[in-house]
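# Coordinate inspection notes
Given next are the chains, with one letter for each unit.
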Amino acid sequence: MRAREAGGAGGTRRYLLGAALIAGPLLLALFGPLLAGEAGPRAVSFTPGGGHWLGTDFTGRDVWRQILLGGRPVVLVAVAATALGYAVALPLALAAALTGRAWLEEVLLRPVDVLIAVPTLLLVLLAATALSPGPVGLAVLVAVAAVPDIARVVHAAAVEAAARPVVEALRLHGESWSRIAFGQVARSIRRTLAADAGTRLVGALHLVATAAFLGLGVQPDAADWAVMVDRNRPGLLLQPWAVVVPALLIAGLATGTNLLLDAALHGGGRKGTRR
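What counts and how
Along each chain, residue indices are assigned from 1 in the same order as the chain's sequence is written. Reporting in this predicted model follows two pLDDT cut-offs: at least 70 for local features of residues, and 80 or more for side-chain atom pairs to be given and counted; totals over whole chains, interfaces and linings ignore these cut-offs and use all residues. Hydrogens and water are ignored here; the side-chain numbers use all heavy atoms of the structure. Helix numbers and strand numbers start at the N terminus; a helix is a DSSP run of H or I with at least 4 residues, a strand a run of E with at least 2. Under the scheme applied here, a residue whose accessible area is under 20% of the maximum for its type counts as buried, over 50% as exposed, and between as partly exposed, the area being computed with a 1.4 Å probe on protein chains only. Contacts: residue pairs with any heavy atoms within 4.5 Å of one another. The protein chains shown are the only cover counted for residues, whose accessible areas, like all others here, come from Shrake-Rupley with a 1.4 Å probe. Working rule for helices: expected span equals 1.5 Å times residues minus one. By convention a nonpolar core is built from buried Ala, Val, Leu, Ile, Met, Phe, Trp, Tyr and Cys residues, the set being connected through side-chain atoms within 4.5 Å. The pLDDT value expresses, per residue, how confident the predictor is, ranging between 0 and 100. As a rule, the C-alpha atoms of each element are fitted with a line to give its axis, helices using only the stretch in contact, and angles between N-to-C directions run from 0 to 180 degrees. Helix crossings are classified by the rotation of the near helix relative to the far one: an anticlockwise turn of less than a right angle makes the crossing left-handed, while a clockwise turn makes it right-handed. Residues are grouped as follows: nonpolar covers Ala, Val, Leu, Ile, Met, Phe, Trp, Tyr, Cys and Pro; charged covers Asp, Glu, Lys and Arg; every other residue, Gly included, is treated as polar. We define a salt bridge as a contact between a side-chain nitrogen of Lys or Arg and a carboxyl oxygen of Asp or Glu at a distance within 4 Å. In what follows, roughly perpendicular refers to angles from 65 to 115 degrees, roughly parallel to angles under 35, roughly antiparallel to angles over 145, and oblique to any angle outside these ranges. What counts as a ring pair is set by centres within 6.5 Å for rings of Phe, Tyr and Trp (its six-membered ring), and what kind of pair is set by the plane angle: stacked under 30 degrees, edge-to-face over 60, tilted for all other angles.

### Remarks on the overall build of the protein chain
The helix and strand inventory of the protein chain stands at 10 helices and 0 strands. Listing every helix and strand of the protein chain by position from the N terminus yields α-α-α-α-α-α-α-α-α-α. Every one of the 275 residues in the protein chain was classed for burial, and the buried ones make up 41%. If you take every contact in the protein chain between residues at least 6 apart in sequence, the share linking residues at least 24 apart comes to 73%. Counting only carbon and sulfur atoms, one obtains 68% of the accessible surface of the protein chain, whose full area is about 14500 Å².

Written out as structure tokens, the structure reads:
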């Protein structure tokens, strides 16, 4: 009883800490552009104060206004990349798990193994260098890079679920493939999918921020938190807020997402085992 209460208290703490960490970055990403207002005259680069709450950046722009504008690109690209990766990998992995034919399973998954052998960041860098993508293209590249890992995780979980008697009963009953795959198999591994989705989202945030940090998919002076960290580094000792604040927002978003998903999955596990 005490262990269960301690576990519940720990889950609540994770919820609260995760919510606190993620609330600020998400609110800024969603509503920041609405509050940014018009750009004022530029001041001297890397100047603290002077009517600017967080000082000025490397081009003399107001850092607070850049913070308000810079969250939406990072968040939207990461979320879009994660959703697109699952839209491609989930049907592929479920088809491989339910096919019942070893040769067809090999045909479906071997191309994925080839992509796994290529480091994710290297794949994005090579493609981005050749194609010079914008935000949409960057989301597609990050999604493509995530597909192999998603497909392998989903396939490993789905193989066991596809071998259960209920799946064979649904087949004998004449149920459609989509109902079996998504209504039964995918639903039975939803906790695994949720845990993996959280990991992929954090990985996508990291990869998008890294790509933006390297200038891929965004303009060098774009209002983007990752770009701000990169471009304002030379003035770190003069005006640290232009680097520290966007870096903390990215870190808070990633850490808060992990904590919330961890708390949700542990809470779900306790409810599922309660008698």
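### Concerning helix H7 (residues 177-188)
Over its 12 residues, H7 runs 15 Å from end to end, which matches the ideal 16 Å to within 8%, given 1.5 Å per residue. Along H7, the residues that are buried comprise Ile180, Ala181, Gln184, Val185 and Ala186. Next to the buried residues of H7 lie helix H2 (63-98), helix H5 (135-162), helix H6 (165-172) and helix H8 (190-213).

### Some thoughts on the nonpolar core
Ranked by internal contacts, the top residues of the largest apolar core, which has 24 residues, are Leu94, Leu98, Val154, Ala158, Val185, Ile189 and Leu193. Among the elements that make up this core, the one with the highest residue count is H5 (8 residues). Leu193 has contacts with Tyr86, Leu90, Val154 and Ala186, leaving out every residue within four places of it along the chain. Counting 20 residues, the second-largest nonpolar core is a separate cluster that includes Ala81, Ala139, Val142 and Ala204.

### Thoughts on the confidence of the model for the protein chain
Averaged over the protein chain, the pLDDT score is 82; the fraction of residues at 70 or greater is 89%. Here helix H4 (residues 120-131) is the element of the protein chain with the lowest mean pLDDT, 73, and H2 is the one with the highest, 90. The low-confidence segment residues 271-275, where pLDDT is below 50, has 1 contact with residues more than four positions distant or belonging to other chains.

### Examining the packing of H2 against H5
In contact at an axis separation of 5 Å, H2 and H5 are set at 35 degrees when each is read in the N-to-C sense. Crossing hand, H2 versus H5: right-handed. The class makeup of the residues in the contact of H2 with H5 is 26 nonpolar, 2 polar and no charged.

### Thoughts on the pattern of salt bridges
In a structure, side chains of opposite charge can pair up when their charged atoms sit close to one another. Throughout the structure, instances matching the rule amount to 6 salt bridges. A salt bridge links Glu168 to Arg171; its shortest N-O distance comes to 3.8 Å. Of the two residues, Glu168 and Arg171 both sit in helix H6, 3 residues apart, roughly one turn of that helix. The exposure class of Glu168 is partly exposed, given its relative accessible area of 39%.

### With respect to the packing of H5 against H8
Packed helices, taken two at a time, are described by the angle their axes make and the gap between the axes. Contact geometry of H5 with H8 gives a least axis separation of 10 Å together with a crossing angle of 155 degrees. Judged by the inter-axis angle, H5 sits roughly antiparallel to H8. For the pair H5 and H8, the sense of crossing is right-handed. Touching Leu138, Val142, Asp149, Ile150, Val153, Val154 and Ala157 of H5 are Thr192, Leu193, Asp196, Arg200, Ala204, Leu207, Val208 and Ala211, all from H8.

### Some remarks on unusual backbone geometry
For residues other than glycine, phi is negative in most cases, and the peptide bonds are mostly trans. Located in the positive-phi region is Phe46, a residue other than glycine, with phi close to 55 degrees. With respect to the helices, strands and loops of the structure, Phe46 is situated in the loop between helix H1 (2-35) and H2.

### Describing the packing of aromatic side chains
In total, this model carries 2 aromatic pairs according to the counting rule given. Seen from their ring centres, Trp177 and Phe182 are 5.9 Å apart, and the 85 degrees between their planes marks the pair as edge-to-face. Phe182 gets classed as partly exposed once you look at its relative accessible area, which sits at 37%.

### Concerning the environment of Leu54
Its place among the elements puts Leu54 in the loop between H1 and H2. Along the primary structure Leu54 and Gln239 are separated by 185 residues, whereas in three dimensions their C-alpha atoms are 8.4 Å apart. The residues touching Leu54, leaving out its near neighbours within four places in the chain, are Val63, Trp64, Ile67, Gln239, Trp241 and Val245.

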